[in-house]
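Analysis of the macromolecular model
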Amino acid sequence: MRKTLIIASLIPALYAGAGIAAETKQTASSPAQEQAVQQHAAANPADAELGRQINEIIAKSAAQLGAKVEAQVNNGDVVLNGTAPNQDVVSRIAEEVARVPGVKSVRSQVNLLPAG
């Protein structure tokens, strides 16, 4: 009975977490991303600053390479999202991000644009 009570008390927290995750996935523009970074800053200021630095670097190189990529940071772990013309561009951006002090890991969820 105690296990049931614990699980039942966690359900509202799970729904709240799912709502936050859904809001985070909807970030498609720079202002929306900046807002997400600021919201996360309250939880972890180091991640917010790291995210700002990384997204600044990405914005410069991605524009030159024909990609639209943004990063999300959680405890130094970086996830790249967006689109790129080919895998070489994704690898190049990921390598640049990996060199930023404070980055523990880089994972890419970047979609490749269709050739044509």
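Residues numbered from 1 in each chain as written. Predicted model: local features only at pLDDT ≥ 70, side-chain atom pairs only at ≥ 80, totals over all residues. Heavy atoms only, no water.

Considering unusual backbone geometry
What counts is decided by this rule: Labels follow the DSSP assignment, with helices taken as runs of H or I lasting at least four residues and strands as runs of E lasting at least two, numbered in each case from the N terminus. Summary of the burial criterion: residues with accessible area below 20% of their type's maximum are buried, those above 50% are exposed, and those between are partly exposed, where the area comes from a 1.4 Å probe applied to protein chains only.
Unlike most non-glycine residues, Asn 75 shows phi in positive territory, near 55 degrees. Assignment of secondary structure puts Asn 75 in the loop between β1 (68-74) and β2 (77-84). Take Asn 75: its relative accessible area is 44%, and that puts it in the partly exposed class.

Some remarks on the confidence of the model for the protein chain
Note the following rule: For every residue, the pLDDT score states the predictor's confidence, bounded by 0 at the bottom and 100 at the top. Here, residues are in contact when the closest pair of their heavy atoms is within 4.5 Å.
For the protein chain, per-residue confidence averages 78 on the pLDDT scale, and residues scoring 70 or more make up 62% of the total. At the level of individual helices and strands, the protein chain shows its lowest average pLDDT in helix α1 (residues 2-25), which scores 43, and its highest in strand β3 (residues 105-112), which scores 98. Across residues 1-29 the pLDDT falls below 50, and counting only partners more than four positions away or on other chains, this stretch makes nine contacts in the model.

Some words on the packing of helix α3 (residues 45-65) against helix α4 (residues 87-98)
Defined as follows: Note on geometry: axes are lines fitted to C-alpha atoms, helical ones only across the stretch in contact, with angles between N-to-C directions running from 0 to 180 degrees. Between 65 and 115 degrees an angle is taken as roughly perpendicular, under 35 as roughly parallel, over 145 as roughly antiparallel, and anywhere else as oblique. What makes a crossing left-handed is the near helix being turned counterclockwise from the far one by less than a right angle; a clockwise turn instead makes it right-handed. Note on residue categories: nonpolar means Ala, Val, Leu, Ile, Met, Phe, Trp, Tyr, Cys or Pro, charged means Asp, Glu, Lys or Arg, and polar means any other residue, Gly included.
Direction vectors running N to C along α3 and α4 enclose 155 degrees, while the axes themselves pass 10 Å from each other. The pairing of α3 with α4 is recorded here as roughly antiparallel in orientation. Of the two possible hands of crossing, α3 and α4 adopt the one that is right-handed. Together, Ile 54, Ile 57, Ile 58, Ser 61, Ala 62 and Leu 65 of α3 and Val 89, Arg 92, Ile 93, Glu 96 and Val 97 of α4 make up the contact between the two elements. The residue makeup of the contact of α3 with α4, split by class, is eight nonpolar, one polar and two charged.

Some points on the nonpolar core
Put simply, the rule is: Here the nonpolar core consists of buried residues drawn from Ala, Val, Leu, Ile, Met, Phe, Trp, Tyr and Cys, with membership extended through side-chain atoms lying within 4.5 Å.
One finds Ile 54, Ile 58, Val 78, Leu 80, Ile 93 and Val 97 to be the most contacted residues of the largest nonpolar core, which totals 20 residues. Dropping the residues within four chain positions of it, Leu 80 is found in contact with Ile 58, Val 69, Glu 70, Ala 71, Ile 93, Ala 94, Val 97, Val 106, Arg 107, Ser 108, Gln 109 and Val 110.

As for the sheet that holds β2
Convention followed: At least two DSSP bridges between two strands are needed for those strands to be called paired.
Pairing is mixed in the open sheet, where three strands are placed in the order β1-β2-β3. Of all strands in the sheet, those bounded by a partner on one side alone are β1 and β3. Strand-to-strand, the axes of this sheet are offset by a mean angle of 15 degrees, without reference to chain direction. Bridging between β1 and β2 involves seven bridges; their strand directions are antiparallel. Within the sheet, the bridge partner assigned to Val 69 lies in β2 and is Gly 82. Running over the sheet, α3 touches β1 and β2 and is turned about 165 degrees from β1. Against the sheet, α4 engages β1, β2 and β3, with an angle of about 155 degrees to β3.

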